[in-house]
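Here's the letter readout for the chains.
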Amino acid sequence: MSDHPKKFALTIISTILITLLAFLFLFPLVWMIASSLKPEAEIYKNMDSFRAFLPSFNIDQWGDAYKNLLSRFTILTYILNSLFYGLSVTAGSILVNSLAGYGFSKFKFKGQKFIFGLLIAMLVIPGETIIIQKFQIVKALGILNTPWAVIFPSLAAPFYIYMFKNFFDAISNDVVESAEMEGAGSFMIYWKIMLPMAKPAIATVGTLSFIGSWNDYIWPLMVLTDSSKFPLQVAITNINNTVPVYMNQVMAILTISTLPLIIVYLFFQKYLVQGLGVSGTGEK
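Small disclaimer: the values here were computed from a predicted structure and weren't measured.

**Observations regarding the nonpolar core**
Here's step 1: Leu69, Ile75, Val223 and Ile253 are the most contacted members of the largest nonpolar core, which has 32 residues in total.
Here's step 2: Those elements that place two or more of their residues in this core are helix H3 (64-72), helix H4 (75-106), helix H6 (131-141), helix H7 (147-151), helix H11 (199-215), helix H12 (218-223), helix H13 (232-240) and helix H14 (247-278).
Here's step 3: The element contributing the most residues to this core is H13, with 5 residues.
Here's step 4: Those residues within four positions of Val223 in sequence are excluded, and the remaining contacts are Phe135, Leu144, Asn145, Ala149 and Val150.
Here's step 5: If you look at the next biggest cluster of nonpolar residues, it comprises 18 residues, including Met163, Phe167, Phe168 and Ala179.

**What to know about the pattern of salt bridges**
Here's step 1: Across all of its chains, the model carries 1 salt bridge by this definition.
Here's step 2: Between Lys165 and Asp169 there is a salt bridge, with the nearest N and O atoms lying 2.8 Å from each other. One end of the pair, Lys165, and the other, Asp169, are both in helix H8 (residues 158-169), 4 residues apart, so they sit about a helical turn from each other.

**Quick word on the packing of aromatic side chains**
Here's step 1: Within the structure shown, the criterion is met by 14 aromatic pairs.
Here's step 2: Look at Tyr102 and Phe168: their rings are 6.1 Å apart centre to centre, the planes differ by 80°, and that puts the pair in the edge-to-face class. Taken as a pair, Tyr102 in helix H4 and Phe168 in helix H8 lie far apart in primary sequence, 66 residues in all.
Here's step 3: Under the relative-accessibility criterion, Tyr102 is labelled buried at 6%.
Here's step 4: Ring centres of Trp148 and Phe152 lie 5.6 Å apart, and the angle between their planes is 20°; on these two criteria the pair is classed as stacked.
Here's step 5: The class of Trp148 is partly exposed, set by a relative accessible area of 44%.
Here's step 6: Residue Phe152 is classed as partly exposed on the basis of its relative accessible area, which comes to 46%.

Analysis parameters
- Chains are numbered independently. Their residues run from 1 in the order of the written sequence.
- Given that the model is predicted, a residue must reach a pLDDT of at least 70 before its local features are reported, and side-chain atom pairs must reach 80 or more before they are shown or counted; all residues, however, enter totals for whole chains, interfaces and linings.
- Side-chain figures throughout are based on the complete set of non-hydrogen atoms in the structure, without hydrogens or water.
- In this description, a nonpolar core means a group of buried Ala, Val, Leu, Ile, Met, Phe, Trp, Tyr and Cys residues linked to one another through side-chain atoms lying within 4.5 Å.
- When accessible area is computed with a 1.4 Å probe and restricted to protein chains, residues below 20% of their type maximum are described as buried, those above 50% as exposed, and intermediate ones as partly exposed.
- By the criteria applied, helices consist of DSSP H or I runs no shorter than four residues and strands consist of E runs no shorter than two, each listed in order from the N terminus.
- Contacts are assigned to residue pairs with any non-hydrogen atoms lying within 4.5 Å of each other.
- A pairing counts as a salt bridge when a side-chain nitrogen of Lys or Arg comes within 4 Å of a carboxyl oxygen of Asp or Glu.
- Here is the rule: rings of Phe, Tyr and Trp (six-membered ring for Trp) pair when centre to centre is within 6.5 Å. Planes less than 30 degrees apart are stacked, more than 60 are edge-to-face, and the remainder are tilted.

And the structure:
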């Protein structure tokens, strides 16, 4: 019984600290959204008070920044571009990485351990160090300034392959052997049996792929020259540099770019945590 007050006190302290930490990360987001819902002049008022985190008290003004932004720029085109890139990368990433993980998990071939070791070693190599080589490959393929230049290099990822391999390792080989005895081919086993059993990995890889594609800035900026093909993140830079620059419109476009990620995370949070939690053990 003597430990009960101590545990209760630790729970209270940890809750307070976590809450404060959450506010620390959330207040820039709250300020951004509130600033997009007020006139330009009001953003700079009361910067040293709590009112800086509140929208305009006149509800009729909440949508002004968004209306003016949509009238000045083709925002819908950039949003559709980002959605196309994000959904394409998500679907392709799930397919490509799950196939690779299935191959490493259930097939035996010469040099398998060595190739998989190289794959794991690539996890420590920053993506920025090979971005020039990726650009040269895309240029050689003749797909510069096309959507494929944005999509193709983002499909395969060592971590995603490793994650799928761990999930497939946790599935007994007896399941595969039973399916083979029933006459199922390798791809049918993968498509009908293995992939449906790896739903946490699918949700995790899909969520991370979409978020990574949606947030990508450097790569699309390198391979695209036609502004009509820009994703939203690249377009934001052009919008912020177009005179006149209105801070409430800047906050509005940043809000538009952030809300889809929050929605995706809220819907797939459970699967994301579950998938990342078991990715290191292969246990479900």
